[in-house]
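What follows is each chain in one-letter form.
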Amino acid sequence: MVRTLLATGVLAVCVLFLAGCGVPPASGNEATLSYDPDQKIEADAYQFSARVWRDGKPTTFRLELYVADTVIGVSGYGYLGKGALKARVIRDSLEAYFPTTKEYQFEPLDDLISSGDCPMTGSELDLQQLLRDLPDSLGYADLKVVLTDSADDRRDYSVSDDRCGWLLDLTYRLEDSGWRISYFEFTDGDEFRLRGDRQRYRDAARVKIGRFLVPSPDPAVSVTP
């Protein structure tokens, strides 16, 4: 479960955010919130055809990302045999829920990222920036960033850490709004691999606030890595 959430977060939700957000912090079930979940805010909207390998066995699912200034909403369909995934990151924490199995996860990002043998912290790898900026422009001190191929409208990168076994391959396409991720592949150096190929992208889309909310119904099973 740790590797599952970490890998998903690497591309989608494991982002450290500054304070101040267009989406109010949620606690508990969406139905108890005092504002309209149909209210819309501006966000970049991505849809990926994704595949994950665990113990050599592949599973395909659809991954949707909604990237606002300080929050990312994530929806996965057909995810790891659990039917669905809904998640978000706001500030320094990951919140995720599997509606089919009623499994709920709330975890500080640093705890997730440092839960293995890797000494990296969330503040070292700002993945919100990786969604919107080329990695060689971000000034990483401890990460190895290699431009592996390029064209006028495309950049391919490999990002790794000599202290750890993980590898992150990224492809960016030049959109009207700037460079945006169009392909990713994450491997943990062992038997876990996550890959996503972008099918759709809309910048400055009007997205319902409900896309950024994660219910925690009662009863729900807490998932602790």
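Reading the values: rules and limits
Residues numbered from 1 in each chain as written. Predicted model: local features only at pLDDT ≥ 70, side-chain atom pairs only at ≥ 80, totals over all residues. Heavy atoms only, no water. Phe/Tyr/Trp six-rings, centres within 6.5 Å; stacked < 30°, edge-to-face > 60°. Helix = DSSP H or I, 4+ residues; strand = E, 2+ residues; numbered from the N terminus. Buried < 20%, exposed > 50% of the residue type's maximum accessible area, 1.4 Å probe, protein only. Lys NZ or Arg CZ within 6 Å of the ring centre and 35° of its normal. Pairing = 2+ DSSP bridges. Contact = heavy atoms within 4.5 Å.

Draft legend 1. Up close: the packing of aromatic side chains. Taken as a whole and assessed by the stated rule, the structure comprises four aromatic pairs. For the ring pair Tyr46 and Tyr201, a centre distance of 5.0 Å and an interplane angle of 55° mean the geometry is tilted. Of this pair, Tyr46 sits in strand 1 (residues 40-54) while Tyr201 is found in strand 11 (residues 193-208), placing the two residues 155 residues apart along the sequence. The buried category is assigned to Tyr46, whose relative accessible area is 3%. Ring geometry for Tyr157 against Tyr172: centres 6.0 Å apart, planes inclined by 90°, an arrangement best described as edge-to-face. Taken as a pair, Tyr157 in strand 8 (residues 154-160) and Tyr172 in strand 9 (residues 167-175) lie far apart in primary sequence, 15 residues in all. Here Tyr157 matches Tyr172 in class, with each residue buried. Three or more aromatic residues joined by ring pairs make a cluster, and in this case those are Tyr46, Phe48, Phe184 and Tyr201. Sitting above the plane of the Trp53 ring, Arg193 keeps its charged end 3.8 Å from the centroid.

Draft legend 2. Main features of the pairing of strand 9. Both strand 8 and strand 9 contribute to a ladder of seven bridges, which runs antiparallel. Within the sheet, the bridge partner assigned to Arg155 lies in strand 9 and is Tyr172. Where strand 8 folds back onto strand 9 in an antiparallel hairpin, the turn is made up of six residues. Of the pairings in the sheet, the one linking strand 9 to strand 10 (residues 178-187) comprises nine bridges and is antiparallel in character. Residue pairing in the sheet places Leu168 in a bridge with Phe186 of strand 10. Taken together, strand 9 and the strand that follows it, strand 10, pair antiparallel across an intervening segment of two residues.

Draft legend 3. Local environment of the side chain of Ser158. Mapping Ser158 onto the fold places it in strand 8. With a relative accessible area of 15%, Ser158 lands in the buried category. Residues contacting Ser158, with those up to four places away along its chain left out, are Lys144, Val145, Val146, Thr148, Leu167, Leu168 and Asp169.

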